[in-house]
Amino acid sequence: MSHVPAFLRSVWDEPRPPGPPRRVWRDWALVGVLAPLAVLEGVLRPDLPWRTVSVAVAVGLLPTLLWRRTRPLPMVVICFAATGLVPLLVGGPPSEMYTMAYQLILPYSLFRWGSGREVVTGTAIMTVSAAVSAVSGRAPGPDAIGAFAVLLATVALGGAFRYRAGARMRELEQAKLLERERLARDLHDTVAHHVSAMAVRAQAGLATAASRPDAATEALHVIEAEAARALAEMHAMVRVLRRDRPDEPVDLEPGRRIADLGRLAGRDGAGPAVDVAISGVLDGLPPSVEAAVYRLAQESVTNARRHARHATRIEVRVTADDASVRLRVSDDGDGGLIRPAASPGYGLIGMIERAHLLGGTCVAGPGPDRGWTVTAVLPRNGAAA
């Protein structure tokens, strides 16, 4: 029984889902369609009691749909208060307009976008309203049971979509976290390389200090430069590494470089051929940038082979200038029809995260003619965001 208060407390403290969409054109269009429908129903239904009042209530409550996501609880309170108080004030039966079915959107929005406190409070208000209607006789028993069943299905649908969106968000965060850890491991390899070079130079300087002072001085300059590079890479690693995940296996494979892109070339079984071309000055690039370019190209080629229907060729192009390194991976298939950019997969999310952590950008979408194109631009110095 001790778990019940903890569960209720967790429900009460549940925050609102992030990023509820505000009023969009579809909301205004819905209100614009429902308003004339309510008036038309009032005109065409001769059996509608309290015709003028019913139509006025139906039209007057339509603006609640515009704020149903950002203020779900006040909209539910306004709606249930109006539909419950108006029949008492005019001394007539509750409204039986078919157009009033839009009220079901409000409980759905409450469970989809409301906080835990708003959900609990709104549920209590709806339950009390339904109980008052049943006890007062305004809603016969079968009608009350049917309305309660429909309301329960509506709020269950809102809760299901809320849970689904939350699960999707957690999966996306996990994908971003995994990419941060991969980048941190690449940076760790770079730092280890610099530290090893410093140790070797220090040993050489100590061995030659007595006989060749100039060599010892040169070794100190090299150690200073390596230490500066190691410190910069260490700062980048601290920025991208958020937390540890002991369940993730350690990647012992050495960091890939742009020169390794040639391994992606050729044909993989019955898949499309991969053509790799590299141009520009690539000397002096930080290992983190080279590893990122390779990983982005590798993931893009893998996605193209999996999803590009009827593709015969995948092009990988890398160009570098004094400021940035640009990667472009495109295919000639028709996979753009089944890979909408508005719903990126976890692989693409990781690619975008890695480019962002290095201060660059990564975008993907249908090509100008056909196929799918991934374009990434990374700053040449690999400054982490």
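Reading guide: rules and limits
- Residues numbered from 1 in each chain as written.
- Predicted model: local features only at pLDDT ≥ 70, side-chain atom pairs only at ≥ 80, totals over all residues.
- Heavy atoms only, no water.
- Helix = DSSP H or I, 4+ residues; strand = E, 2+ residues; numbered from the N terminus.
- Polar contact = N/O pair within 3.5 Å; in protein donor to acceptor, adjacent residues only side chain to side chain.
- Buried < 20%, exposed > 50% of the residue type's maximum accessible area, 1.4 Å probe, protein only.
- Arc of directions from axis to C-beta.
- Contact = heavy atoms within 4.5 Å.
- Pairing = 2+ DSSP bridges.
- Right-handed = clockwise from strand over helix to strand, strands pointing away.
- Lys, Arg positive; Asp, Glu negative; His and termini not counted.
- Salt bridge = Lys/Arg side-chain N within 4 Å of Asp/Glu carboxyl O.

For D331, the position within the fold is in strand β4 (residues 324-331). Along the chain, D331 and H310 lie 21 residues apart, while their C-alpha atoms are 9.8 Å from each other. Among the polar contacts made by the side chain of D331, one reaches the main-chain amide nitrogen of G333 at a distance of 3.1 Å.

This part is about helix α3 (residues 51-60). Structural remark: α-helix, 3.6 residues per turn; residues separated by three or four positions point the same way. Residues of α3 that are buried: S54, V55, V57 and A58. Viewed end-on, α3 has its buried residues packed into an arc of 160°, placing them on one side of the element. On its buried face, α3 sits against α2 (25-44) and α4 (72-90).

Moving on, we get to the pairing of strand β3 (residues 313-320). Taken residue by residue, a regular strand's side chains alternate between the two faces of the sheet. The alternating pattern of β3 places I314, V316, V318 and A320 on a buried face and R313, E315, R317 and T319 on a face that is not buried. Bridge count between strand β2 (residues 273-280) and β3: 8 bridges; the pairing is parallel. Paired with G280 across the two strands is A320, which belongs to β3. Tracing the backbone out of β2, into helix α9 (residues 287-307) and back to the parallel element β3 gives a crossover that is left-handed. Alignment of β3 against β4, held across 7 bridges, turns out to be antiparallel. What sits directly across from E315, in β4, is S330. Counting the residues in the hairpin turn of β3 and β4 gives 3 residues.

In this fold, R380 is placed in the segment after β6 (372-379). Buried charge without a salt bridge: R380, with D322 as the nearest opposite-charge side chain at an N-O distance of 5.8 Å. In this structure the side chain of R380 is engaged in a polar contact, spanning 2.9 Å, whose partner is the backbone oxygen of V281. Within the structure, the side chain of R380 is placed 2.9 Å from the backbone oxygen of D321, a separation counted as a polar contact. If we skip the residues at most four places from it in the chain, R380 touches V281, L282, D283, L285, P286, V289, A320, D321, D322, A323 and S324.

What follows deals with the environment of L220. Relative to the helices and strands, L220 resides in helix α8 (residues 213-240). Accessibility expressed as a relative area gives 57% for L220, which makes it exposed. The sequence separation of L220 and A202 amounts to 18 residues, and the corresponding C-alpha distance is 7.3 Å.

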